[in-house]
Amino acid sequence: MSDSSPLPPVRLRSEAELARDALATPLLSRAARLARWAGPETRVGAGGELVEEQLPAAAAALGLTGEDAAGGTSGTAAGTATGGVVEGVTAEDAAALASEAWRVAVDAGLVEIVDPDEEEGSAVTTGDALALLTSGGPRDVLGVWLAALEAALADASVPELDGLVDAMESGGEIDFSELDWDPDAEAEFLDGVLGNLYLLTVSEDGPGDGPVPLPALAASMIVPDDMGEPTNDVLEQVSDAMMRLDDQFRVLEPVGLVEYQPVDEALMTDAEENAAAGDTATAEGAGSGPVVDDTDVTRYGMVRLTPLGLYGIRARLQEAGLVAPAVGDLADKGADVLLDGTADYPPGAALAETEQWLARHEPLAAARELLAAARGADPGAPLRRLRCQQALSLVGAAAEPALREVLDDAELGGLARVWLTERGAAEVPAPSEEMVFWLTIDTVAAQLAAEGNSAELRGLVEGLAQQHRGFFDAAWRVGHPATADVLEAMGRIHPDKRVAKEARKAAFKARSQKGE
């Protein structure tokens, strides 16, 4: 992802709505409860973690009723919430959830670790961030949530380290080579996955707020763009990446970043049974349970960024130096910033941004400001005028005086006539031939800048050459800065070789006329 190329703009909920979402996330709410529970008597280890003896009390403060692992029931880490108490978790799971929430409380500044003296050891005091959750504004709450997100992302980047003790060196350092784990590479991989998920979500041809299949997301990180049929080795890498992501998204769901449907564990069970039996039909045999459709992509995991997750990933992208706009960023800016800023926006996002801008302006004043900003002979001017025309299409009849004021303007007169005619205005003067050709060149230049050699532009070019005999004989004389470039593009786009040759000849004449 290029640091200089802007991403498509994201549509975010209001900060007040996002802050409410943040406060309701399981991980942050648990961290806040532990911060209120903690006091001067709370003891922590050298790394700021709760000492093991205090984990049962912390779990109880969170309403986690874990039973003894040796004789109790086995349950999930999430458990079942009843009356504010989470039931159905083992004592081990309850302690793990409490430990995780405590780490977030420390990392987010909800509690602070103090060291009174060597004999007493480390103790705990309330952090400044805790007050922000109750008395701060929405942006303050979101700032605390972003810190919690960073803590969760750090946890998600750590794999199951069964060999952690064996990998400890005598000096207490971890030998990552023995663990076959590169923390920087793992964090970079997760960042890349979340960046791709963000891009899929905000792109107009993506799933929007719908879920993304986990295999597709894993493949976006593994399969090269220019690869046709993936090799078995690549497919195995995709499968491994899916399993890593399955673990990571389970960790990230409680912080509110994603909504996640995990990989169906029956897939692994089915595969093991089939391999043991040597028959791919084993899963359909007696005693194997109901027949399961292996072609159901949802069984392989489905993930989507939540509205809060979109906010969080955008904030991280911006911190990394990427241009990640949001719809509404330009609403309080001038018309010049609006037209230039939306130049590269997809149509839907440009429309939404323009609507927000117009909502803050009186129609006649808005029309005058837009028209003034649309002038210019620089390379970006044709696209500005196109965006101006699109914006003016949203303005009602109150804008008519502004359009009449520019009827004699060489750059805006054609645009104004189109607007007035489409609204059935009276006494609209006919354009001169020179103005018609100038507007045509300007329109094609804008479409080239906005869409490149699209099918729509190809249709426009074919229509122009067909409807206007001698079009190229007249077009090369048009005093528009983009005339030669437009004619060259028409020569590339038009499918008829004879017409394409005429366009190229006209482009040569246009450049010769300008002394190029």
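Provided above is the structure to which this section pertains.
Below is a summary of the structure that appears in this document. (Residues numbered from 1 in each chain as written. Predicted model: local features only at pLDDT ≥ 70, side-chain atom pairs only at ≥ 80, totals over all residues. Heavy atoms only, no water.)

1. Examining the overall build of the protein
- When its secondary structure is counted, the protein shows 24 helices and 7 strands.
- Among the 516 residues that make up the protein, the fraction classed as buried is 41%. (Helix = DSSP H or I, 4+ residues; strand = E, 2+ residues; numbered from the N terminus. Buried < 20%, exposed > 50% of the residue type's maximum accessible area, 1.4 Å probe, protein only.)

2. Observations concerning the pattern of salt bridges
- Counted by the stated rule, this structure contains 22 salt bridges.
- Measuring nitrogen to oxygen at the nearest pair gives 2.9 Å for the salt bridge that ties R384 to D378.
- What makes D378 partly exposed here is its relative accessible area of 33%.
- In this structure, a network of salt bridges that share partners links the residues E150, D191 and R316. (Salt bridge = Lys/Arg side-chain N within 4 Å of Asp/Glu carboxyl O.)

3. Some remarks on the nonpolar core
- Ranked by size, the top nonpolar core spans 79 residues in total, and within it L110, Y198, F249, L252 and L257 carry the most contacts.
- Top contributing element to this core by residue count: helix α6 (residues 138–156), with 10 residues.
- Sequence-distant contacts of L257, that is, excluding residues within four places in its chain, are made with L149, L194, L252, R304, L305, T306, G309 and I313.
- Of all hydrophobic cores here, the second largest spans 32 residues; its members include L339, A402, L403 and A416. (Core = buried A, V, L, I, M, F, W, Y, C linked by side-chain atoms within 4.5 Å. Contact = heavy atoms within 4.5 Å.)

4. Quick word on the side chain of Q248
- In this structure, Q248 sits in helix α11 (residues 232–252).
- Reaching out from Q248, the side chain makes a polar contact with the backbone oxygen of A156 at a distance of 3.3 Å.
- Q248 has contacts with A156, S157, E186, F189 and L190, leaving out every residue within four places of it along the chain. (Polar contact = N/O pair within 3.5 Å; in protein donor to acceptor, adjacent residues only side chain to side chain.)

5. With respect to the packing of aromatic side chains
- Throughout the structure, instances matching the rule amount to 3 aromatic pairs.
- Here F249 and Y260 contribute two aromatic rings whose centre-to-centre distance is 5.5 Å and whose plane-to-plane angle is 50 degrees, an arrangement assigned as tilted. Linking F249 in helix α11 with Y260 in strand β6 (residues 258–261), this pair joins segments that are 11 residues apart in sequence. As far as burial versus exposure is concerned, F249 and Y260 are alike and both buried.
- A network of ring pairs unites the aromatic residues F437, F471 and F472 as a single cluster.
- In this arrangement the basic side chain of R244 is found over the ring face of F189, its NZ or CZ atom lying 4.0 Å from the centre. (Phe/Tyr/Trp six-rings, centres within 6.5 Å; stacked < 30°, edge-to-face > 60°. Lys NZ or Arg CZ within 6 Å of the ring centre and 35° of its normal.)

6. Notes on the packing of helix α23 (residues 483–493) against helix α24 (residues 497–513)
- It is the contact of α23 with α24, at a shortest axis distance of 7 Å, that shows an interaxial angle of 165 degrees. Of the possible angle classes, the one that applies to α23 and α24 is roughly antiparallel. The crossing of α23 and α24 is left-handed. Residues T483, A484, D485, L487, E488, M490 and G491 of α23 form the contact with α24, whose own contacting residues are A500, A503, R504, A506, A507, A510 and R511. (Axes fitted to C-alpha atoms, helices over the stretch in contact; angles between N-to-C directions. Parallel < 35°, antiparallel > 145°, perpendicular 65-115°, else oblique. Left-handed = near helix turned anticlockwise from the far one by under 90°.)

7. Remarks on the sheet that holds β6
- With respect to topology, 3 strands assemble into an open sheet ordered β5-β7-β6, the strand pairing being antiparallel. Strands with a single pairing partner mark the edges of an open sheet, and in this sheet they are β5 (212–213) and β6.
- As paired elements, β6 and strand β7 (residues 302–305) share 4 bridges and run antiparallel to each other. From the neighbouring strand, Q261 faces β7, where its bridge partner is M302. (Pairing = 2+ DSSP bridges.)

8. A short note on the environment of L305
- Of note, L305 is situated in strand β7.
- Take L305: its relative accessible area is 3%, and that puts it in the buried class.
- In the structure, L305 is positioned 45 residues away from Y260 in sequence and 8.8 Å away in space, judged by C-alpha atoms.
- Apart from the residues lying within four places of it in its own chain, the contact partners of L305 are L197, Y198, T201, L257, V258, L310 and I313.

Any link to function would need more than the numbers given here.
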